[in-house]
Amino acid sequence: MKLSNSCYQNDVGMEDDPHKLTNHPSVADRHAQNKEARQSRVVQRRQMLDVLVHASRCGSPLCQYPGCRKVKGLFRHARSCKIRASGGCDLCKKMWYLHQLHARSCEESQCYVPRCRDMKELLWRLQQQSYSRRRAAVIKMMRQRAAEIAGNSG
Ligand SMILES: [Zn+2]
Ligand SMILES: [Zn+2]
Ligand SMILES: [Zn+2]
């Protein structure tokens, strides 16, 4: 048996792509200043969160990490404060806020940050609550609509 090689050559015309990239003027330009301010706030918050994580595992009282001693001061305060966030203590409220922010982005199951796991559980429960609330609202709305449609057709 003999194998025969047959070669087909297809001439494929190369087409130039007529579509050219056009530059859309950015709408966000107008909000550039706002964005900048927001960005610096985001950076600040990130730094605070970094310090929070660092300070919770830092044992050195003379640590040079920027903000470390400040945050450790906050930890100390939160431990001994009698007013607490619920009583209106500004420092405790700040701590609470930072912990909440941290817990939201924390994926560490063995996290060193105090109350991180409590906070995560709390956030998770709040999320479930708001989810079921939303779902209940949607179901209610759909029932109402169904009733309306049924009413209109009758
Ligand atoms: Zn430190
Ligand atoms: Zn306090
Ligand atoms: Zn954490």
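One structure accompanies this document, and this report is about it. Everything numeric here is computed off the predicted structure, so don't read it as measured data. (Residues numbered from 1 in each chain as written. Chains lettered and ligands numbered in written order. Predicted model: local features only at pLDDT ≥ 70, side-chain atom pairs only at ≥ 80, totals over all residues.)

Observations concerning the environment of arginine 79
Next, step 1: Mapped onto the elements of the fold, arginine 79 is located in helix 2 (residues 68-80).
Next, step 2: Taking the C-beta count within 10 Å as the criterion, arginine 79 has 8 such neighbours and is therefore assigned exposed.
Next, step 3: Sequence spacing of arginine 79 and cysteine 92 is 13 residues, and the spatial spacing of their C-alpha atoms is 9.6 Å. (Helix = DSSP H or I, 4+ residues; strand = E, 2+ residues; numbered from the N terminus. Buried ≥ 20, exposed ≤ 12 C-beta atoms within 10 Å, placed from the backbone.)

What about unusual backbone geometry?
Next, step 1: Positive phi values are uncommon outside glycine, yet arginine 84 reaches one of about 65 degrees.
Next, step 2: Inspection of the secondary structure puts arginine 84 in helix 3 (residues 84-87).
Next, step 3: Unlike most non-glycine residues, arginine 115 shows phi in positive territory, near 65 degrees.
Next, step 4: Mapped onto the secondary structure, arginine 115 falls in the loop between helix 4 (90-105) and helix 5 (116-153).

Here's the deal with the nonpolar core
Next, step 1: Formed by Val51, Leu52, Ala55, Val71, Leu74, Met95, Ala103, Val113, Cys116 and Met119, the largest nonpolar core amounts to ten residues.
Next, step 2: Going through the elements one at a time, helix 1 (32-57), helix 2, helix 4 and helix 5 are the ones with two or more residues in this core.
Next, step 3: Top element by residues in this core is helix 1. It accounts for three residues.
Next, step 4: Residues in contact with leucine 52, not counting those within four places in the same chain, are Val71, Leu98, His102 and Val113. (Core = buried A, V, L, I, M, F, W, Y, C linked by C-beta atoms within 7 Å. Contact = placed C-beta atoms within 7 Å.)

A closer look at helix 1
Next, step 1: The end-to-end C-alpha distance of helix 1, which contains 26 residues, comes to 38 Å, matching closely the 38 Å that a straight helix rising 1.5 Å per residue would cover.
Next, step 2: For helix 1, the complete set of buried residues consists of Val51, Leu52 and Ala55. (Expected span 1.5 Å × (residues − 1).)

A closer look at helix 4
Next, step 1: Across its 16 residues, helix 4 extends 23 Å between first and last C-alpha, which sits within 8% of the 22 Å expected from 1.5 Å per residue.
Next, step 2: Listed in full, the buried residues belonging to helix 4 are Met95, His99, His102 and Ala103. End-on view of helix 4: buried residues confined to an arc of 95 degrees, all on one side of the axis. Residues of helix 4 that are exposed and angled more than 90 degrees away from the buried face: Asp90, Arg104 and Ser105. (Arc of directions from axis to C-beta.)

What about the packing of helix 1 against helix 2?
Next, step 1: Where helix 1 contacts helix 2, the axes come no closer than 9 Å and their chain directions differ by 70 degrees. Taken as axis vectors, helix 1 and helix 2 run roughly perpendicular relative to one another. The crossing of helix 1 and helix 2 is right-handed. The segment helix 1 lies against helix 2, with Val51, Leu52, His54 and Ala55 engaging Cys68, Val71, Lys72 and Phe75.
Next, step 2: Here the contact of helix 1 with helix 2 is built from residues that sort into six nonpolar, one polar and one charged. (Axes fitted to C-alpha atoms, helices over the stretch in contact; angles between N-to-C directions. Parallel < 35°, antiparallel > 145°, perpendicular 65-115°, else oblique. Left-handed = near helix turned anticlockwise from the far one by under 90°. Nonpolar A, V, L, I, M, F, W, Y, C, P; charged D, E, K, R; others polar.)

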